[in-house]
Amino acid sequence: MTGWDKVLIILILIVSIAGIVFVTVAGANMDQKYIVIRVNNAIVKKISIEKDSQNKIYDFQFNHHTGYVEVNDGAVRMVKMDKNICPRSICSDTGWIDKKYQSIVCLPNKIMVTFEENSEEGLDIISY
């Protein structure tokens with residue numbers, strides 16, 4: 001291993017750590033958060049949430065079925081679905097999410113649950 005290889009490795013580590021810090025700080029600075037539920041990449045429900053909100057369950061429609069998300073204190077999770085609808089239950093096993101860079105994805109049903117800000121201005125640091 002040459003000296004340039006070591007410099008390259010150190011540079012890659014620094015850039016990686018800086019990226020993680022940037023995404024974490026940007027996710028913590030959200031003013032008004034919305035939970036956005038997409039099915040087949042189309043928004044089916046947008047829920048405004050507050051940090052001090054009570055535990056509440058919201059329903060949404062997908063592929064002739066009804067799904068449920070639970071919201072509590074600024075976090076969200078997918079409620080477990082029937083094995084016939086979602087065989088592996090990976091989306092509900094994801095658990096609670098509360099950061100902008102986190103998401104819940106159900107591939108068999110093409111469902112995605114994410115956070116968005118109220119503001120439309122600025123750069124979107126996460127593309128999907």
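As a starting point, this report considers the structure included with it.

Cut-offs used in this document
Residues numbered from 1 in each chain as written. Predicted model: local features only at pLDDT ≥ 70, side-chain atom pairs only at ≥ 80, totals over all residues. Heavy atoms only, no water. Helix = DSSP H or I, 4+ residues; strand = E, 2+ residues; numbered from the N terminus. Buried < 20%, exposed > 50% of the residue type's maximum accessible area, 1.4 Å probe, protein only. Polar contact = N/O pair within 3.5 Å; in protein donor to acceptor, adjacent residues only side chain to side chain. Pairing = 2+ DSSP bridges. Axes fitted to C-alpha atoms, helices over the stretch in contact; angles between N-to-C directions.

**Structural notes on the side chain of Thr114**
Assignment of secondary structure puts Thr114 in strand 7 (residues 111–117). Given the relative accessible area of 7%, Thr114 is considered buried. There is a polar contact of 3.4 Å between the side chain of Thr114 and the side chain of Arg38.

**A short note on the sheet that holds strand 1 (residues 33–39)**
Strand order in the open sheet formed by four strands is 2-1-7-6, with antiparallel pairing between adjacent strands. Each edge of the open sheet carries a strand with a single partner, namely strand 2 (42–49) and strand 6 (103–106). Shown here is a sheet whose adjacent strand axes are inclined to one another by a mean of 25°, direction ignored.

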